[in-house]
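Geometric and topological summary
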Amino acid sequence: MSTAQPNSLLRQWQGPLTRDLVLRPGDFGLGQVPARLKPDSTTTSVCGFCSTGCGLNIHLKDGEAVNLTADTHYPVNLGMACPKGWEALTPLSALDRGTTPLLRSAKGQWQPVDWHAAMLEFCSRMKAIQARHGPHSIAFLGTGQICTEEMALLGSLFKFGMGGLHCDSNTRQCMATSHTAYKESFGFDAPPFAYSDFEQSDVLVFIGANPCIAHPILWQRVMRNRRNPQIIVLDPRKTETAMAATQHYSLRPKSDLALLYGLANLLIAKSWVNREFVARHTTGFEGFAEFVAPFTVENTSQATGLSQPEIQKLADTIRSGERVSFWWTMGVNQGHEATRTAQAIINLALMSGNIGRPGTGANSITGQCNAMGSRLFANITSLLGGHDFANPAHRAKVSAALALPEERIPTALGWAYDQIVDGIDQGKIKGLWVIATDVSHSWPDQDSLKGILGKLDFLVVQDMYPTTETARHAHLYLPAAGWGEKEGTFINSERRIGLVKKVRRAPGKALSDFSIFKLIADYWGCGEMFQRWSSPEAVFGLLKTLSRGQPCDISGIQDYAMLDRCNGIQWPWTEGDAQAQPDATPPPERRLFENGRFFRADGRALFVFESPREMPEKPDHEYPFVLLTGRGSSAQWHTGSRTSKSDVLRRLAPATCYVEMNPLDAARLKLQTNRKALVRSRRGALTASVFVTATVQPGQVFIPMHYAQTNRLTLPVFDPYSRQPAYKACAVRVERVI
Ligand code: SF4
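Residues numbered from 1 in each chain as written. Predicted model: local features only at pLDDT ≥ 70, side-chain atom pairs only at ≥ 80, totals over all residues. Heavy atoms only, no water.

**Some details on the overall build of the chain**
When helices and strands are counted, the chain shows 28 helices and 26 strands. For the chain, the spread of C-alpha atoms along the three principal axes comes to 75 × 70 × 50 Å. Across the 738 residues in the chain, those meeting the buried criterion constitute 65%. Within the chain, contacts between residues at least 6 apart in sequence are counted, and of these 73% link residues at least 24 apart. Counting 78 positive and 67 negative side-chain charges, the chain places the centres of these two groups 3 Å from one another. (Helix = DSSP H or I, 4+ residues; strand = E, 2+ residues; numbered from the N terminus. Buried < 20%, exposed > 50% of the residue type's maximum accessible area, 1.4 Å probe, protein only. Contact = heavy atoms within 4.5 Å. Lys, Arg positive; Asp, Glu negative; His and termini not counted. Charge placed at Lys NZ, Arg CZ, Asp CG, Glu CD.)

**Looking at the site of the ligand**
Close to the ligand lie Cys47, Phe49, Cys50, Thr52, Gly53, Cys54, Cys82, Lys84, Gly85 and Ile217. Here the residues of the shell around the ligand are counted per class, giving six nonpolar, three polar and one charged. (Near = heavy atom within 4 Å. Nonpolar A, V, L, I, M, F, W, Y, C, P; charged D, E, K, R; others polar.)

**A short note on the environment of glutamine 672**
As for its position among the elements, glutamine 672 is in the loop between helix H28 (663-668) and strand S23 (676-680). The class for glutamine 672 is partly exposed, based on a relative accessible area of 41%. Sequence-distant contacts of glutamine 672, that is, excluding residues within four places in its chain, are made with Val690 and Val692.

**Re helix H23 (residues 513-524)**
Taking 1.5 Å as the rise per residue, H23 with 12 residues should run 16 Å; its terminal C-alpha atoms sit 16 Å apart, in good agreement. Here H23 has its buried residues at Asp513, Phe514, Ser515, Ile516, Phe517, Lys518, Leu519, Ile520, Ala521, Asp522, Tyr523 and Trp524. Following H23 by one or two positions, glycine 525 has its phi on the positive side, about 105°. (Expected span 1.5 Å × (residues − 1).)

**Digging into the nonpolar core**
Across soluble globular proteins, nonpolar side chains have a tendency to be buried as a group. Counting residues in hydrophobic clusters, the biggest one holds 130 residues, and the most contacted among them are Phe122, Ile318, Phe326, Met351, Trp433 and Trp571. The greatest single-element share of this core, amounting to nine residues, is contributed by helix H11 (residues 256-269). Apart from residues lying up to four places away in sequence, tryptophan 433 is in contact with Phe122, Met126, Ala139, Phe140, Leu141, Leu154, Leu157, Met162, Val460, Gln462, Phe517 and Ile520. Among the nonpolar cores identified, the runner-up in size contains 45 residues, and Leu60, Cys147, Ala209 and Trp637 belong to it. (Core = buried A, V, L, I, M, F, W, Y, C linked by side-chain atoms within 4.5 Å.)

**Details of the pattern of salt bridges**
Across all of its chains, the model carries 35 salt bridges by this definition. The shortest N-O distance in the salt bridge between arginine 221 and glutamate 589 comes to 3.8 Å. You can see arginine 221 sitting in helix H9 (residues 216-223) and its partner glutamate 589 sitting in the loop between helix H26 (575-580) and strand S20 (605-606), a full 368 residues away along the chain. Arginine 221 gets classed as buried once you look at its relative accessible area, which sits at 3%. For glutamate 589, a relative accessible area of 23% corresponds to the partly exposed category. (Salt bridge = Lys/Arg side-chain N within 4 Å of Asp/Glu carboxyl O.)

**Thoughts on the sheet that holds strand S19 (residues 569-570)**
Strand order in this open sheet of three strands is S17-S18-S19, and the pairing throughout is antiparallel. On the outer flanks of this sheet lie strand S17 (488-491) and S19, each paired with one strand and no other. Pairing between S17 and strand S18 (residues 496-500): four bridges, direction antiparallel. In the strand pairing of S18, isoleucine 491 is matched with isoleucine 497. (Pairing = 2+ DSSP bridges.)

**Some remarks on the environment of alanine 117**
With respect to the secondary-structure elements, alanine 117 resides in helix H4 (residues 115-133). Separated by 34 residues in the primary sequence, alanine 117 and methionine 151 place their C-alpha atoms 24 Å from one another.

All we've got here are geometric facts, nothing functional implied.
If you want it as structure tokens, here you go:
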């Protein structure tokens, strides 16, 4: 049992917690909107759904947000927003918001409790598990949806304060591959582009990306391109983006690595190699050229299902561009050989010198609004600030910056998400803390995951809603404030740090995640360690210090006011950069590697490559279809925890799960549009309405990922380097429901 003292904030709350007591101005994320916002005015913030990071004008009445519009001045979205952005305030008013901590009674019923009781329960049970099963028998699974300062506090609290090691976040499901690929190839997790590159390319190649649906505002940036570009889409499906492209190559699922190697070989043969760039700025090209030699047009055609003239045309189009940019998202990141596929894209950009110039780049588009904050500052896959846990100099630097005993900093990474799930299954992890993610919905092989979670001694869910699938099974629920109810920063796909403002009061006793972490630190007994972490902006100051000297150095950003004034600032922005600018203000857009210098020790980018491997679960007689999953609507976000709360957004996407199927397959199975079908994999089954469409190839079916049941079917296989799940392809069969 903890002997920790509640912090001063909570001491005032002993006794009944009333709304008035909770809503105290200036108490972390609590209370009224900050005094700096005028009660009836318009302020700005950054959208909290996807990584595009659109700027929004938030209109306040009596100090509370009542409406919003897209910000015309913000350099990201230039006055545009997608349906989710326009509806961003609606989920805050949902009737099922959590308003008080809930504790499961001995009879299995949830009982409302105050924060004091909730904190005592959290700390005593987590500590008891550690005492019985060892310090590493507790874990957390976090999110790319909370603010950077909150992530940094969470990861630091868990690893430095609570003595835990195994933690991960849903960024693993989204961006782990890009993180790993960039780190190996460039020496740091560094997406090089600015959004204006969409407008400045001659040839844009989208690989496993459907920005029309997944990143609609980025697609609008493509539409602003006045260079009459060739827009190429590599995707098994004729997605909305493929329909709008100038060329679509419908390759076989998971044959992208073979295609990219085949293209490299063909382009080398066509002398599309920038020899000077390769010689001055890269390592390993000769070995790469030798490696790709067997990927002849004939072999590539066989592997991908594309015809030889198609492959030739694709190579010729790429070759014709003065400025060629390559863009990828989850079609690449969520694959069984995802890291090598991402690096095959990077290799194409490197060998042609298409990097560091306007309209070029090997550009990974991020998923969640703050996946990059998670990659750099969550203290999970990197030590705070993109440092390395295993590097003694890095540990010493972090220890000094945080006035933290160095022995508190782990010397190795903890387990990744899938290893934590395995650890629970094997009884090694007994306590799990889930923050702002719906594990039961989003993890592959959902049915078996639910059984595994049932083995936990203690499951805590901290979320806006106690109604998520995971929260329903929690022993303890902690009500959290959502986007718009707290302050902090997000980092978008082009490395822009944007300011998120508190423009609404959280309901009831809900607290910002930041406040909850601070409370836990105090109750745990390690509050002293986080004394300087007094507010999100104070933490931002610490992160600035920690970033100094790193590629993501943000020491030149003064404070939140500067972020606000500059419409967000891309990293890096160092003190030296600020001193070199007459007004210390960064230019609105910047890209990396303009000087050809990369972040590896020798300053050169590395060609990384490896032979393709077969799809882990190929279709066969019993399960003859390849199931593809992805985003089905720009109106729904991931598990729908928030977007499903909006009537408007619900009406913009079919209410029930559907499966897209080619007309030839539908005719053979005697299925028509709107008929029900049973889709079954080796792991589970679901019923879906059939949608007959030629956008999917014969032998393939597609189901959107936001439906709760989709992951009953998916395969728990992981890229070996990034450990990101391979959601995109597995074998299923489809049966007519009579
Ligand atoms: Fe928000 Fe993304 Fe839509 Fe922009 S594109 S409004 S960031 S969800």
